[in-house]
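Survey of secondary and tertiary structure
Below, each chain spelled out in residue letters.
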Amino acid sequence: MKIINIGLSLLIFATACQQKDKKKDDQAQMGSDTTSFAAAIAENGTYQYLKNGDTISLIIAIDGDKVHGDLNYNWKEKDRNVGHIDGILKDGILLADYTFASEGQQSVRQVAFKFSKNQAVEGFGDMEEKGGKMSFVASDKLVYDEKFALEKLSQ
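Described below are features of the structure shown in this document. Since the structure is predicted, the reported quantities are computational estimates derived from the model, not experimental observations.

A separate point is the pairing of strand β1 (residues 45-51). Direction of pairing for β1 relative to strand β2 (residues 54-63): antiparallel, over a ladder of seven bridges. Across the sheet, residue Thr-46 finds its bridge partner in β2, namely Ile-59. Taken together, β1 and the strand that follows it, β2, pair antiparallel across an intervening segment of two residues, in which Asn-52 is found at a positive phi of about 50°. Where β1 and strand β11 (residues 150-152) come together, two bridges link them in antiparallel fashion. Bridge pairing in β11 links Gln-48 to Glu-151.

As structure tokens, this is what we get:
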């Protein structure tokens with residue numbers, strides 16, 4: 001009887017260990033799927049907003065979590081902003097420094113874009129000057145305004 005109890009205990013223990021290992025593998029797989037899903041949302045290429053004579057154009061190249069590209073604002077009856085971005089993409093959100101020229105002056109400010117399927121939506125929030133550039137006070141509290149959603153252009 002003792003042998004049966006010991007054998008049964010070993011069988012239960014072995015099954016429990018296998019279940020624990022399987023659960024860890026499943027969680028690791030889910031984590032990598034989530035990462036690849038977030039990365040797949042933002043794609044290399046051009047995103048554009050074009051309405052009522054206003055144009056916003058974002059052209060990006062993604063290399064891992066680093067993003068480089070061009071960002072241009074052309075508001076109807078206002079000055080153009082033409083510039084370059086360098087930033088980091090994390091969880092489908094691009095936080096970048098935007099170096100641009102407007103009215104003959106060069107400036108730097110932070111920009112943020114939240115990516116979803118075939119769209120990039122700019123984030124807005126309170127800003128302050130830090131180290132010669134305008135930066136978000138709290139980049140985790142930005143408001144993303146779908147009114148100016150940039151659509152991914154097919155390539």
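Quick look at the environment of Asn-118 now. Checked against the element boundaries, Asn-118 lands in the loop between β6 (105-116) and β7 (119-124). Once you skip the residues sitting within four places of it in the chain, Asn-118 turns out to touch Tyr-47, Leu-150, Glu-151 and Lys-152.

Another point: the pattern of salt bridges. What the rule picks out here adds up to two salt bridges. With a closest N to O distance of 2.6 Å, Asp-97 and Lys-133 form a salt bridge. On the criterion of sequence distance, the pair formed by Asp-97 in strand β5 (residues 93-102) and Lys-133 in strand β9 (residues 133-136) is long-range, its members being 36 residues apart. Of the charged contacts, one joins Lys-130 and Glu-128 as a salt bridge, the two residues approaching to 3.4 Å between their closest N and O atoms.

By the definition in use, this model includes six aromatic pairs. A centroid spacing of 5.8 Å and a plane angle of 65° characterise the contact between Tyr-73 and Tyr-98, whose relative ring orientation is edge-to-face. Here Tyr-73 is found in strand β3 (residues 66-74), whereas its partner Tyr-98 is found in strand β5, with 25 residues between them in sequence. Here Tyr-73 and Tyr-98 have matching classes, each one buried. Three or more aromatic residues joined by ring pairs make a cluster, and in this case those are Tyr-49, Tyr-73, Trp-75, Tyr-98, Phe-100 and Phe-148. Stacked on the ring of Phe-100, the Lys or Arg Arg-109 has its end atom at 5.9 Å from the ring centre. Between the NZ or CZ atom of Lys-152 and the centre of the ring of Tyr-47, over which it lies, the distance is 5.6 Å.

Where β5 and β6 come together, ten bridges link them in antiparallel fashion. From the neighbouring strand, Phe-100 faces β6, where its bridge partner is Ser-107. Connecting the antiparallel pair β5 and β6 is a turn made up of two residues, with Glu-103 showing a positive phi of about 55°. With four bridges connecting them, β6 and β7 associate as antiparallel partners. Bridged to Phe-113 within β7 is Glu-122. Taking the residues between adjacent antiparallel strands as the criterion, β6 and β7 are bridged by two residues, where Asn-118 takes a positive phi near 60°.

The rules behind these values
- Going along each chain's sequence as written, the residues are numbered from 1 onward.
- Predicted model: local features are reported for residues with pLDDT of at least 70 only, side-chain atom pairs are reported and counted for 80 or more only, and whole-chain, interface and lining totals are derived from all residues.
- Note that the side-chain values use all heavy atoms of the structure and ignore hydrogens as well as water.
- Pairing between strands requires that DSSP locate at least two bridges from one strand to the other.
- The secondary structure listing takes helices from DSSP runs of H or I that are at least 4 residues long and strands from runs of E that are at least 2 residues long, numbered from the N terminus.
- Throughout, a residue-residue contact means that at least one pair of heavy atoms, one from each residue, lies within 4.5 Å.
- Salt bridges, as used here, are contacts in which a Lys or Arg side-chain nitrogen is within 4 Å of a carboxyl oxygen on Asp or Glu.
- Pairing of aromatic rings covers Phe, Tyr and Trp, the last counted by its six-membered ring, and requires centre-to-centre distances within 6.5 Å; plane angles under 30 degrees mean stacked, over 60 mean edge-to-face, and any other angle means tilted.
- For every residue, the accessible area (1.4 Å probe, protein chains only) is compared with the maximum for its type, and the residue is labelled buried under 20%, exposed over 50%, or partly exposed between those bounds.
- Only when the NZ atom of a Lys or the CZ atom of an Arg is both within 6 Å of the ring centre and within 35 degrees of the ring normal do we say a charge sits over the ring.

Read these as geometric descriptors, not functional statements.
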